[in-house]
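Structural description and commentary
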Amino acid sequence: MTVNTPLCFRGKKILAPMVRVGTLPMRLLALDYGADIVYCEELIDIKMLQCKRVINGKYKVLETVDFVAPNERVVFRTCEREKHRVVFQMGSADAERALAVAKLVESDVAGIDINMGCPKEYSTKASMGAALLSDPDKIESILTTLVKGICKPITCKIRILPSVEETVNLVKRIEKTGIAAIAVHGRKKEERPQHPVHCDVIKAIAEAVSIPVIANGGSHDFIKEYTDIETFQRATAASSVMIARAAMWNPSIFRKEGFFPLKEVMQDYIKYAVRYDNHYTNTKYCLCQMLREQLETAQGKKLHAAQCTQEICEVFEMADFYEETTAIFEAKKTSCKTETQDEDDQMEDPDVIKMAVRFDKREYPPQITPKMYLLEWCRKEKHPQPVYETVQRPLDRLFCSVVTVAEQRYRSTLWDKSKKLAEQAAAIVCLRTLGVPEGKLCEGENRLINKRKSEAWECLSTRGHGEDLAEPSHKKANFVEETSDMNVPK
């Protein structure tokens, strides 16, 4: 049984957050080879807040938790294997946004980190990353809000400031926020990997604070093999070591027994990439970082030319593995589709009138929908207003709605990606069955719009004949409010 204990940041060997590298396959591989903690790549708060949390991944076959953007792109994917050892790193310049993201992912990760060291322009222009180093008040606000707002440990990752004194003063202020640890990349924001890492500054920080200090930046100067990790730790007096480039080049750097042959490492990585449906462009990028100087070999050129996961597998003599794994996936998908069909069958009711229709807002005037037309018809015919019952299918998170009008039920046989779209589709089925206009542009003059305008004009005309003209302006906008409330979301 897995015990969920709080992360300890002392005496640990940690996979650093790396953009495009710190995705699920690399994190799992690092854990396999001996990493104690793994950080995901930096993910921006605004992008994460647009995501929907989906359990079990695509077709229930991945056994993952996915955070999926509106365009269906998976922004963050995790799984049970790393749940108690993965730290979610985000880019943020706003305390409330950071807290909202932390709450979104809190149940799926072991900790939250704020990136305060990225020197790239895309990060600093948005006042994130290294830009935060010049705004201690904002740093304090973000970290304090997170520490108070969630139960998981909070960390941050910084670069050093122009002087040791400035850096130590900032870190002491950060320590007072209550964070669990601080990672220090021992270079200034304008310095690059070829510049020497400032072990003396990391050491000064470690001696000045009581929280764990995680030393980072030693790949170029120090860490060539496993034993060098401890050498770097002693040179910095840090509690733990965080490894970026050396782990990117060969994640078996974490093995006490020494490196695995690169070919085996790459094949192990590919197995995770296929198993967890990693996008082929990301898989290809990570493999290229491992090949490095071998990119000009025949194998490197084939990898560069690969245009899908299957072709990548063929480059590394893993075509059979790819076929076997995809066959297993297809079998699981078939099983899940059977379950879905069973769920659909359970919804079959001979008393429900069905059609295969979808609502497309482009076919309707602004602020006019089938639901509005159906409600108007019910009022005119003195029926109770329509009642919608909507269900969500667990497999693909799609929705289906049944509308009851005059004791008769109607629904579309097509499932939609939102509750509101499903309800509009159900309304269309009802209107078409009744032979009632549904408000489409192609139907010519829109009776409902004209009715709304007439009511509004009549109301305004009445005001002009004796009503108090000093009435609050919000009462004069009833028509606008009534129709805008019924807008169909994007």
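Residues numbered from 1 in each chain as written. Predicted model: local features only at pLDDT ≥ 70, side-chain atom pairs only at ≥ 80, totals over all residues. Heavy atoms only, no water.

1. Some thoughts on a negative patch on the surface
To be explicit about the condition: Patches here: salt-bridge-free residues with over 30% relative accessible area, like charges joined within 9 Å, nonpolar side chains (Val, Leu, Ile, Met, Phe, Trp, Tyr) joined within 5 Å. Where accessible areas are quoted, they stem from the Shrake-Rupley method and a 1.4 Å probe; at the residue level, only the protein chains shown are allowed to cover. Salt bridges, as used here, are contacts in which a Lys or Arg side-chain nitrogen is within 4 Å of a carboxyl oxygen on Asp or Glu. When charges are counted, Lys and Arg are positive and Asp and Glu negative, with His and the chain ends excluded. The atoms used to mark charge sites are NZ of Lys, CZ of Arg, CG of Asp and CD of Glu. Secondary structure elements follow DSSP: runs of H or I no shorter than four residues count as helices, runs of E no shorter than two count as strands, and numbering proceeds from the N terminus.
Taken together, the side chains of Glu311, Glu314, Asp320, Glu323 and Glu324 define an acidic patch exposed on the protein surface. Here the element with the most residues in the negative patch is helix 14 (residues 319-347); it accounts for three residues. With respect to the element layout, Glu324 can be found in helix 14.

2. Quick notes on helix 15 (residues 370-380)
Quick reminder: α-helices carry 3.6 residues per turn. Residues three or four places apart thus point the same way. The test is simple: Per-residue accessibility, obtained with a 1.4 Å probe over protein chains only, is compared with the maximum for each type, and a residue is labelled buried under 20%, exposed over 50%, and partly exposed between these values.
Taken across its eleven residues, helix 15 has eight buried, putting it largely inside the fold. Lys382 lies just past helix 15 and shows a positive phi near 60°.

3. What about the pairing of strand 12 (residues 240-243)?
Rule in force here: Strand pairing is assigned whenever DSSP identifies at least 2 bridges connecting the two strands. We call a crossover right-handed when, viewed with both strands directed away from the observer, the connection leading from the first strand over the helix to the second proceeds clockwise.
Here strand 12 shows no split at all, with Ser240 and Met242 on one side and Val241 and Ile243 on the other all buried. Pairing of strand 1 (residues 13-15) with strand 12, which is carried by three bridges, proceeds in the parallel orientation. Bridging from a neighbouring strand, Leu15 pairs with Ile243 of strand 12. Bridge count for strand 11 (residues 213-216) against strand 12 is three bridges, and the pairing is parallel. Paired with Ala215 across the bridge in strand 12 is Val241. Handedness of the β-α-β unit built from strand 11, helix 8 (residues 226-236) and strand 12 comes out right-handed.

4. Some details on the environment of Leu49
Threshold: Throughout, a contact is declared for two residues whenever any of their heavy atoms are within 4.5 Å.
Mapped onto the secondary structure, Leu49 falls in helix 2 (residues 45-49). Note on Leu49: relative accessible area 38%, which makes it partly exposed. Along the backbone, Leu49 and Ala102 are 53 residues apart, and their C-alpha atoms lie at a distance of 9.9 Å. Those residues in contact with Leu49 that lie beyond four places of it in its chain are Arg97, Ala100 and Val101.

5. Some details on the sheet that holds strand 14 (residues 387-392)
For clarity, the cut-off: Angles run from 0 to 180 degrees between N-to-C directions of axes, and those axes are lines fitted to C-alpha atoms, restricted for helices to the stretch in contact.
Pairing is mixed in the open sheet, where four strands are placed in the order 13-16-15-14. Unpaired on one side and paired on the other, strand 13 (352-355) and strand 14 mark the two borders of the sheet. Taking the axes of each pair of neighbouring strands and ignoring which way they run, one obtains an average angle of 25° across the sheet. Sheet analysis places strand 14 next to strand 15 (residues 399-405), joined by six bridges and oriented antiparallel.

6. Observations concerning unusual backbone geometry
One non-glycine residue, Asp277, lies in the positive phi region at around 50°. With respect to the secondary-structure elements, Asp277 resides in the loop between helix 10 (262-275) and helix 11 (280-291).

7. Details of the sheet that holds strand 5 (residues 64-68)
Pairing within the open sheet is antiparallel, and its three strands lie in the order 4-5-6. Taken across any chain shown, the strands that pair with only one partner, and hence form the sheet edges, are strand 4 (52-55) and strand 6 (74-79). The mean angle between the axes of side-by-side strands here comes to 20°, regardless of whether they run parallel or antiparallel. Bridge count between strand 5 and strand 6: five bridges; the pairing is antiparallel.

8. Points about the packing of helix 10 against helix 11
Where we set the bar: Note that the term roughly parallel is reserved for angles under 35 degrees, roughly antiparallel for angles over 145, roughly perpendicular for angles of 65 to 115, and oblique for everything else. All residues other than Ala, Val, Leu, Ile, Met, Phe, Trp, Tyr, Cys, Pro, Asp, Glu, Lys and Arg, Gly among them, are scored as polar; the first ten of these are nonpolar and the last four charged.
Two elements in contact, helix 10 and helix 11, have axes separated by 11 Å at closest approach and are oriented at 170°. The orientation of helix 10 relative to helix 11 falls into the category roughly antiparallel. Contacts between helix 10 and helix 11 involve Leu262, Val265, Met266, Tyr269, Ile270 and Ala273 from the former and Asn282, Thr283, Cys286, Leu287, Met290 and Leu291 from the latter. For the contact of helix 10 with helix 11, the per-class residue count stands at ten nonpolar, two polar and no charged.

9. Regarding the packing of helix 15 against helix 16 (residues 419-434)
Rules: The crossing is said to be left-handed when, going from far helix to near helix, the turn is anticlockwise and less than a right angle, and right-handed when the turn is clockwise.
Between helix 15 and helix 16, whose axes approach to 8 Å, the crossing angle comes to 50°. By the criterion of interaxial angle, the relationship of helix 15 to helix 16 is oblique. Considering the relative orientation of helix 15 and helix 16, their crossing is left-handed. Residues Pro370, Lys371, Tyr373, Leu374 and Trp377 of helix 15 touch helix 16, and the partners they reach there are Glu423, Gln424, Ala427, Ile428, Cys430, Leu431 and Leu434. Among the residues making up the contact of helix 15 with helix 16, the classes are represented as nine nonpolar, one polar and two charged.

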